[in-house]
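# Report on the structure
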Amino acid sequence: MLLKACKGCGRLIPQALTMCEQCEARQQSRHVTYNNTRRDPRAAEFYLSKEWRELRPVIMSVYEYVDIYALYVEHQLITLKDSDPIHHIIELEEDWEQRLNPLNLIPLSHRTHNTITALYKQSNASMKATQTQLRSLIDYHFKEAGGYEKVLCDRFLVAPPLFFGENSPRENQDTGE
């Protein structure tokens, strides 16, 4: 059996695992503690919902499991895993109605998500600038892939009006790609 080091503690574990059982339990406990003590209860419930669990893999596939912030800003190709976060450009606390809007969601590596979170926390101006930058990255990425309608309709198998309503984060932009 091939062995490798546990990401949490360094113990030798089978290569198919990411962490040993103790580190995995500690990691899950950390998320449970965060959800129970710090995260808004409505947000915690949302992240466990069927609609979020169904949308999440679709968003990952729309971006082909690539962290486009790292790709276009840092010029690094980072292939994402299913466990990597999907960031709400307009956060849930800011606008609950954007929680399932695919144009408000961008998958990121943990490292990139930490960078974005730090930029959001710096100041309101920094958060707004970062949100604008993320939207421009999405615009650029989708234009390179054939346009919003092509990408989103191919993945979601629905008509564009669902995504381009008045609550779209693409306000004041032309939707005819």
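The structure displayed is predicted, hence computed values, not measured ones.

### Focus: the overall build of the chain
Per the secondary structure count, the chain includes seven helices and four strands. Traced from its N-terminal end to its C-terminal end, the chain shows the element sequence β-β-α-α-α-α-β-β-α-α-α. Split into buried and exposed, the 177 residues of the chain put 38% on the buried side. Pairs at least 24 apart in sequence give 57% of the contacts found in the chain among residues at least 6 apart.

### Remarks on helix α6 (residues 124-144)
A rise of 1.5 Å per residue sets the reference length of α6, with its 21 residues, at 30 Å; its end C-alpha atoms lie 30 Å apart and thus fit the reference within 8%. Listed in full, the buried residues belonging to α6 are Ser-126, Met-127, Thr-130, Gln-131, Leu-134, Arg-135, Leu-137, Ile-138, Asp-139, His-141 and Phe-142.

### Some words on the nonpolar core
Counting residues in each nonpolar core, the largest one holds 29 residues, and the members touching the most others are Tyr-63, Ile-68, Ile-106, Leu-134 and Ile-138. Looking at this core, the elements with two or more residues in it are α2 (41-47), α3 (50-62), α4 (68-72), β4 (105-107), α5 (110-122) and α6. Here Ile-68 is in contact with Tyr-63, Val-73, Ile-106, Leu-137, Ile-138 and His-141, once residues within four sequence places are set aside.

### Side note on the pattern of salt bridges
This model, assessed by the stated rule, comprises three salt bridges. Between Glu-94 and Lys-128 there is a salt bridge, with the nearest N and O atoms lying 3.0 Å from each other. In this pair, Glu-94 is assigned in the loop between β3 (86-88) and β4 and Lys-128 in helix α6, connecting sequence segments 34 residues apart. Taking relative accessible area as the criterion, Lys-128 reaches 37% and is therefore assigned partly exposed.

### Side note on the packing of aromatic side chains
Summed over all chains, the structure comprises six aromatic pairs. Judged by centre distance (5.2 Å) and plane angle (50°), the rings of Phe-46 and Trp-52 are tilted. Among the aromatic residues, ring-to-ring pairing joins Phe-46, Tyr-47, Trp-52 and Trp-96 into one connected group. We note Arg-42 situated over the ring of Trp-96; from NZ or CZ to the ring centre the distance is 3.9 Å.

### Examining the packing of α5 against α6
Axis separation between α5 and α6 bottoms out at 6 Å; the angle between their running directions is 140°. Between α5 and α6, the angle falls in the class oblique. Taken together, the residues of α6 that come into contact with α5 (itself represented by Ile-116, Leu-119, Tyr-120 and Gln-122) are Ser-126, Met-127, Thr-130, Gln-131 and Leu-134. Taken together, the residues of the contact of α5 with α6 break down into five nonpolar, four polar and no charged.

### Brief notes about unusual backbone geometry
Of note in the backbone geometry, Glu-64 takes a positive phi value of approximately 50° without being a glycine. Tracing the chain through its elements places Glu-64 in the loop between α3 and α4. Using a relative accessible area of 58% as the deciding quantity, one classes Glu-64 as exposed. Of note, Tyr-65 is a non-glycine position whose phi angle comes to about 55°, a positive value. Topologically, Tyr-65 is positioned in the loop between α3 and α4. For Tyr-65, a relative accessible area of 26% translates into the label partly exposed.

### Re a nonpolar patch on the surface
Taken together, the side chains of Met-1, Leu-3 and Leu-12 define a hydrophobic patch exposed on the protein surface, amounting to about 400 Å² of accessible area. You can see Met-1 is positioned in the segment before β1 (3-5). On the accessibility criterion, Met-1 (81% relative accessible area) is exposed.

What counts, and at which threshold
- Residues numbered from 1 in each chain as written.
- Predicted model: local features only at pLDDT ≥ 70, side-chain atom pairs only at ≥ 80, totals over all residues.
- Heavy atoms only, no water.
- Helix = DSSP H or I, 4+ residues; strand = E, 2+ residues; numbered from the N terminus.
- Buried < 20%, exposed > 50% of the residue type's maximum accessible area, 1.4 Å probe, protein only.
- Contact = heavy atoms within 4.5 Å.
- Expected span 1.5 Å × (residues − 1).
- Core = buried A, V, L, I, M, F, W, Y, C linked by side-chain atoms within 4.5 Å.
- Salt bridge = Lys/Arg side-chain N within 4 Å of Asp/Glu carboxyl O.
- Phe/Tyr/Trp six-rings, centres within 6.5 Å; stacked < 30°, edge-to-face > 60°.
- Lys NZ or Arg CZ within 6 Å of the ring centre and 35° of its normal.
- Axes fitted to C-alpha atoms, helices over the stretch in contact; angles between N-to-C directions.
- Parallel < 35°, antiparallel > 145°, perpendicular 65-115°, else oblique.
- Nonpolar A, V, L, I, M, F, W, Y, C, P; charged D, E, K, R; others polar.
- Patch = residues over 30% accessible without salt bridge, like charges linked within 9 Å, V, L, I, M, F, W, Y side chains within 5 Å.
- Areas by Shrake-Rupley, 256 points an atom, 1.4 Å probe, with all protein chains shown as cover.

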